[in-house]
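Descriptive analysis of the structure
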Amino acid sequence: MAGFIGVLLLAFTPFAVGMISILLPALGWQPLTNTWVDTQHVWLELWQQPELVNALLRTLVSGVVATLLALVCAYALVAKLSQTQFGHWLGAVAAPLLSIPHSAAAIGLAFLLAPSGWLFRLVSPWLTDWQRPPNLITIQDPYTLSLILALVLKEMPYLVFVMMAIARQDKIRQLLTTSQQLGYPPLITWGKLLPTLFYRELRLPIFIVLSFNLTVVDVAQILGPDTPPTFAVLLLHWFQDPAIDRIPIASAGALLLLALVAAVSIGWELCARSLLSYLKNLTLTGSRQQPLLEWGLRFAYLLSLLLLALAFLALLVLPIWGFAQRWRFPDLWPQSWSFDTFWRIQQPLLELTANTFMLGVTSVMLALLASLLLLEVSRILTRYTSLIMILFYLPLVLPQIGFLFGIHISLIVIELHHPFWTTAYLHWLYVLPYVLLTLKGPYLAFNQNYLDEAIRLRPHPLRNYLGIKLAMLKPALFTATAIGFAVSVAQYLPTLIGGEGRLSTLTTEAVAQAVAGDRKRVGLVAMTQALLPLLAFLLAALLPRIWTPLRLRLKYPHA
Amino acid sequence: MLELNRISIALPERDLIRDLSVTVAPGQVVAVTGPSGQGKSSLLAYVGGFLPDALQGSGTVNLNGKRIDSLPMEQRRLGVLQQQPLLFPHLNVLENLLFAIPEGQTNRQRRARALDTLAAAGLNQVAYQLPDTLSGGQAARVALLRTLLSEPQALLLDEPFSKLDIALREQIREFVLAQIHQFALPTLLVTHDPEDVAALRASEIKL
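Residues numbered from 1 in each chain as written. Chains lettered and ligands numbered in written order. Predicted model: local features only at pLDDT ≥ 70, side-chain atom pairs only at ≥ 80, totals over all residues. Heavy atoms only, no water.

In the nomenclature of an unreviewed UniProt entry, chain B corresponds to ATP-binding cassette domain-containing protein from the organism Maribrevibacterium harenarium.

The following block contains the structure:
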């Protein structure tokens, strides 16, 4: 019980501390000099920032459009494919995409979309007559198109994954069959009837995606516009401004961003409700033909296939750049390949990989321990299970930038400098919800009779818990480990803030170098960044299957 | 000797069993029969110490003169067999048996004992297999051997044959009865199948 309360405190104190630490500066407190200015003054200064309106506008547009597009494309894909073999196959192929860090995918996309990128080489010079990269703004464009594309590429597979699980429920299948028997083509059912059923279960994932898109920093730094950037990136600049008197307006801005996320979420919910009630009325008309709906879904489906193809290309282009020696525009392939870049940067690359790996392993192991403790307690106190689980969604919906900078400020104030452990702790905060949610189902569904039987046969509760219960839950534990590890690898802002610039990971390095850096180097770093979680997923799928046969073969070689 | 003294079991809203007393001698089988929902399995759970929290149980249980109803499950020295064999799927048959053999012997001795037990039951060829490769009859026999190797002083059987093919049941019943006699175990059986009662030559208590 003490451990349970301990974990709750560890998980939620930082959020409280972080929020307070930006609330006070937003009210006018200067943490470094411990002086107060007028609250009104802080907020007036915020309003007078010349970049404010544009930055907010760009945030709003990119966040909402990306969420909408990802949702519609994912839904259309699921509508067309969820009941087919191809859908199963595609689901299996697309699953690893989920584990790729956002920033790695964004870098790959930048390599595709840049004027000297792969897409332009594909059509040059035979179609466009370009002998040199055209003078076009295709990434970091002011309309945030490239940013939107990157966000959609990354969020769509996640939503597909969630929706496929819903679509395979019996009640959905039965409903499809029934309405087909009543003369409705499946796409019409998907367009009119099913959105209401899906939305009920999709609300939380959508809000997570929406909040992420509105507050994302790393992807927006790579592909988002400049002068002004999106609001979250602007806040980062303010917080990092050497002129420390910007902390109050940055904190006020972080609160503004929080308010924006809340307002957009509410607006989204209202729009969704009216749209769904419109669809419901449409259902009651009895019409078996809705050309607009049907063609809309077909178009979105084609778009989603195109986006998936783009996502694969974006990953493929990373190693190509990494191992290219000479690659002149407009050649489609490098003239020559080499390991030169790899040998040249192997030392820093190894160090970055080691840091990333250590942070991942540390935070995941601690998250596993905490999750087992929380689940064991909620197994006994069944009444509180759902309450505890809801609390742990909180970190996923709150914008990172506000509370993390609060943490940053409090760390400065109490003069705590321990980059590795601070960073591991911040990673743990974000890894924990994913590990917990992954383990929850299998852990609570475990047939406790096995453990009871074990206790009767061998009176060693702890040894039985480890040797029977946890050993039998191996597949779930490995999956949770891989997911947690992927989450840790992808963390940008927590590493930046916890590490105080003294701890670099593949992700911070890739983001820092993404735009200005040498492409071959960035390609290698981003490729390694994408490979680590992929490897973890591969092992998580493989190890539980071969574990017991392998152990037995080693232990009983003659059997 | 297993003595049940004035056992009562109740749901919050109604009584299931009232003041049941019975004494089971070594090697004897007492069968508790009756329709489902009457608390047969709950009676076993109370004696075994795994009664769900939703149920209320009272009464004393003595095993070989020692009162056990207030002891935790693992200290009662009772062997339990249920419908499902509950063999640990990640351990092979030999390891499942080794799991049950009490400490205090060398590993070599423990292993020899497990293999001897398997051989005596004609199961030596499955020693290194995983439980999910066993047939239903093999799994049932291994589960019983495992329970016996933990050296219980009484057996609780909860419909242990109901999941088996009819052809197999007879064989397994004989096997179980032989073991009960060999180890002189007082045995409490819960079943709805009259053939179980007859085959194990049990005295019957109808609920």
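Focus: the sheet that holds strand S3 (residues 29-33) of chain B
All names here are of chain B. Here we have five strands laid out as an open sheet, ordered S6-S7-S8-S3-S9, and parallel in their pairing. Sheet topology places strand S6 (78-81) and strand S9 (203-206) at the edges, where each strand pairs with a single neighbour. Strand-to-strand twist across the sheet, computed as the mean angle between neighbouring axes with direction ignored, equals 20°. Pairing between strand S7 (residues 154-158) and strand S8 (residues 187-191): four bridges, direction parallel. In the strand pairing of S8, Asp-158 is matched with Val-190. (Pairing = 2+ DSSP bridges. Helix = DSSP H or I, 4+ residues; strand = E, 2+ residues; numbered from the N terminus. Axes fitted to C-alpha atoms, helices over the stretch in contact; angles between N-to-C directions.)

Considerations on the pattern of salt bridges
When the charged atoms of two side chains lie near each other, side chains of opposite charge can form a pair. Scanning the model with the defined rule gives 23 salt bridges over all chains in all. Arg-246 of chain A serves as the salt-bridge partner of Asp-241 of chain A, at 3.7 Å between the closest nitrogen and oxygen. Assessed through its relative accessible area of 26%, Arg-246 of chain A is described here as partly exposed. Connected via shared salt-bridge partners are Arg-169, Arg-173, Asp-193, Glu-195 and Asp-196 of chain B. (Salt bridge = Lys/Arg side-chain N within 4 Å of Asp/Glu carboxyl O. Buried < 20%, exposed > 50% of the residue type's maximum accessible area, 1.4 Å probe, protein only.)

Focus: the interface of chain B and chain A
Frequently, the measure chosen for interface size is the accessible area removed from exposure when the parts meet. In this complex, chain B contributes 24 residues to the contact, which on the side of chain A involves 26 residues. Taken over both partners, the interface formed by chain B and chain A buries close to 2,200 Å², and the fraction arising from carbon and sulfur atoms is 64%. The largest share of the area that chain B buries against chain A comes from Leu-86, His-90 and Phe-99 of chain B, three residues that together contribute 30% of it. Applying the counting rule to chain B against chain A returns four salt bridges. (Contact = heavy atoms within 4.5 Å. Buried area = accessible area lost by both parts, 1.4 Å probe.)

Points about the nonpolar core
In this structure, Ile-107, Met-163, Trp-190, Phe-198, Phe-231 and Leu-439 of chain A are the most contacted members of the largest nonpolar core, which totals 216 residues. For this core, the element with the highest residue contribution is helix H13 (residues 247-284) of chain A, accounting for 16 residues. Other than its neighbours up to four places away in sequence, Met-163 of chain A contacts Leu-71, Ala-74, Tyr-75, Val-78, Phe-198 and Leu-202 of chain A. Of all hydrophobic cores here, the second largest spans 29 residues; its members include Leu-2, Val-32, Leu-51 and Leu-55 of chain B. (Core = buried A, V, L, I, M, F, W, Y, C linked by side-chain atoms within 4.5 Å.)

Overview of the packing of helix H14 (residues 291-322) of chain A against helix H24 (residues 519-555) of chain A
Between two packed helices, both the angle of their axes relative to each other and the distance between the axes serve to describe the pair. All names here are of chain A. Contact geometry for H14 and H24: axes closest at 7 Å, N-to-C directions at 130°. As far as their axial angle goes, H24 and H14 are oblique. At the point where H14 passes H24, the crossing takes the left-handed sense. Taking contact as the criterion, the partners of Leu-318, Pro-319, Trp-321 and Gly-322 in H14 are, on H24, Arg-519, Lys-520, Gly-523, Leu-524, Ala-526 and Met-527. (Parallel < 35°, antiparallel > 145°, perpendicular 65-115°, else oblique. Left-handed = near helix turned anticlockwise from the far one by under 90°.)

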